[in-house]
Amino acid sequence: MMGMLLFGVLLNLFSVALSSGLKLEQVLVLSRHNIRTPLTAKLEDTSPFKFPIWKNEVGHLTDKGALLETYMGGYFAEWLNKRGLLPPGCPTDENVFVYANTRQRTRESANAFVRGAFRNCNVSAHSIDSAEMDPVFNPILRDTSDEVKRKIIAEMERKLMELQLQDAYLQLNEILDLKNSKICETESFCDLTDAKDEIVYVVGSEPNVVGPLAISNSVLDSFIMSYYEGMPDKDVAWGKIHNNEQWTLLSKIIRENQNVRFNSSVLARDVAKPLLKYIRGVFNGPLRPLTVLFGHDSNLNSIMAALGFKHYILPNQYEATPPGGKIVFQKWSDEDNSRELLKIDYVYQTTDQIRNASKLSISNPPQWVQLELRNCTVDKNGFCPWKKFLNILN
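This one's a predicted model, so the numbers in the text were calculated from it and none came from an experiment.

## Brief notes about the packing of aromatic side chains
A complete count under the given rule lists 23 aromatic pairs for this structure. Ring centres 5.2 Å apart and planes at 45 degrees place the aromatic pair Tyr99 and Tyr278 in the tilted group. Of this pair, Tyr99 sits in strand S2 (residues 96-100) while Tyr278 sits in helix H11 (residues 273-284); the two residues are 179 residues apart in sequence, bridging distant segments of the chain. Tyr99 gets classed as buried once you look at its relative accessible area, which sits at 8%. Geometrically, the ring pair formed by Phe223 and Trp238 is edge-to-face, given 5.6 Å between the ring centres and 85 degrees between the ring planes. You can see Phe223 sitting in helix H7 (residues 212-229) and its partner Trp238 sitting in the loop between H7 and helix H8 (244-250), a full 15 residues away along the chain. Here a set of aromatic residues connected by ring pairs shows up, and it is made of Tyr75, Phe76, Trp79, Phe113, Phe294 and Trp368.

This is the structure:
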């Protein structure tokens, strides 16, 4: 019901926009891949209980993740046709470009999006031919200066000091039975609340931390991906997460892990530099109506931090950057006033839509949440000046 209400408001906004001389000119979508298997296969040390077995390789897109991304692609094609940005039928290369990182989960998410959006058309998802991370999407530390290192470490240390995860750690201790785990027996790591995080800063690698935040994040990643995948309740955290309140508390660990590692301004501008340059090139180059980029939650978080997004909340979702979620940058022309405008929305599936594999359409849409930049004030319809946005991007 909430999703339909939000979408109704959005449709009303677009009706106002179109009737007042506004026209959608260009869209760039920055997407996280869809559901994947957990990123580590070494969770068994954290609990005496057995974790579920996945049929896909570690970190790979699941079949359900591909299905959900196909639904998202179909929905976007329908939305873009209704907005008049893409004509009915098959688009040309001049109209659409889909570009993914080299990881299997991003490549296959992009392929699934294309299948859903442009079925039976000669449209392909692109990625470079490499087994390594594409430099455009690789969220690694690049600046070698001592001054930048000092600033980034200070940002990360401040965020670690501000963590308020005591209650989440206590609950996760119980769910895991950490005191009877192998990591407790062999490394004396028996209580998440009693351990300290250490920053790992290596130029050429992702900013990282070692300690309770990283370990608990890996565990929660397994729990929530199992939930998204639709596994029986008994196979999701061994049936020990019973309600939304528990999920909300525990998922703070996932959000804070990204917050510490990618959500600081100096850090984000460093790790997101190539992706920012690519996005800037899209908006400053020849006008292509639709560009879709498939990366990771680290890409979305670092881009938002670098550009100065305001805090936002995604209703009916536990994560701040859920699988398949998309930042949708929209360039509008105001023909009546001879100006160009920016609008940004987060488009995502709710936890229920993901777990239930709900097929998306204009009548059953994903959720839309308006996003804002701190240095680009929006009007009552959510638009801010395009030139101001380009100044921020530059």
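## Things to note about the pattern of salt bridges
Tallying each qualifying case throughout the model produces 14 salt bridges. Lys326 is the partner of Glu69 in a salt bridge, and the nearest nitrogen-oxygen pair spans 2.7 Å. With Glu69 in helix H2 (residues 63-83) and Lys326 in strand S7 (residues 326-334), this pair connects stretches of sequence that are 257 residues apart. Judged by relative accessible area, Glu69 falls into the buried class, the value being 0%.

## Let's talk about the state of the cysteines
Counted according to the given criterion, the structure contains three disulfides. Here Cys90 connects covalently by a disulfide to Cys121, the sulfurs 2.0 Å from one another. Looking down the S-S bond of the Cys90 and Cys121 bridge, the torsion is -80 degrees, so its handedness is left-handed. Of the two residues, Cys90 is situated in the loop between H2 and S2 and Cys121 in the loop between helix H3 (104-117) and strand S3 (125-126); the sequence distance between them amounts to 31 residues.

## Brief notes about the pairing of S7
As a general feature of sheets, a regular strand has side chains that alternate between the two faces. With nine of nine residues buried, S7 lies mostly within the body of the structure. Alignment of strand S1 (residues 22-32) against S7, held across nine bridges, turns out to be antiparallel. Residue pairing in the sheet places Leu28 in a bridge with Phe329 of S7. Where S7 and strand S8 (residues 339-348) come together, nine bridges link them in antiparallel fashion. Bridge pairing in S8 places Val328 opposite Asp345. Following S7, the chain reverses through four residues before pairing antiparallel with S8; Ser338 in that reversal takes a positive phi of roughly 50 degrees.

Calculation rules
- Residues numbered from 1 in each chain as written.
- Predicted model: local features only at pLDDT ≥ 70, side-chain atom pairs only at ≥ 80, totals over all residues.
- Heavy atoms only, no water.
- Phe/Tyr/Trp six-rings, centres within 6.5 Å; stacked < 30°, edge-to-face > 60°.
- Helix = DSSP H or I, 4+ residues; strand = E, 2+ residues; numbered from the N terminus.
- Buried < 20%, exposed > 50% of the residue type's maximum accessible area, 1.4 Å probe, protein only.
- Salt bridge = Lys/Arg side-chain N within 4 Å of Asp/Glu carboxyl O.
- Disulfide = S-S within 2.5 Å.
- Pairing = 2+ DSSP bridges.

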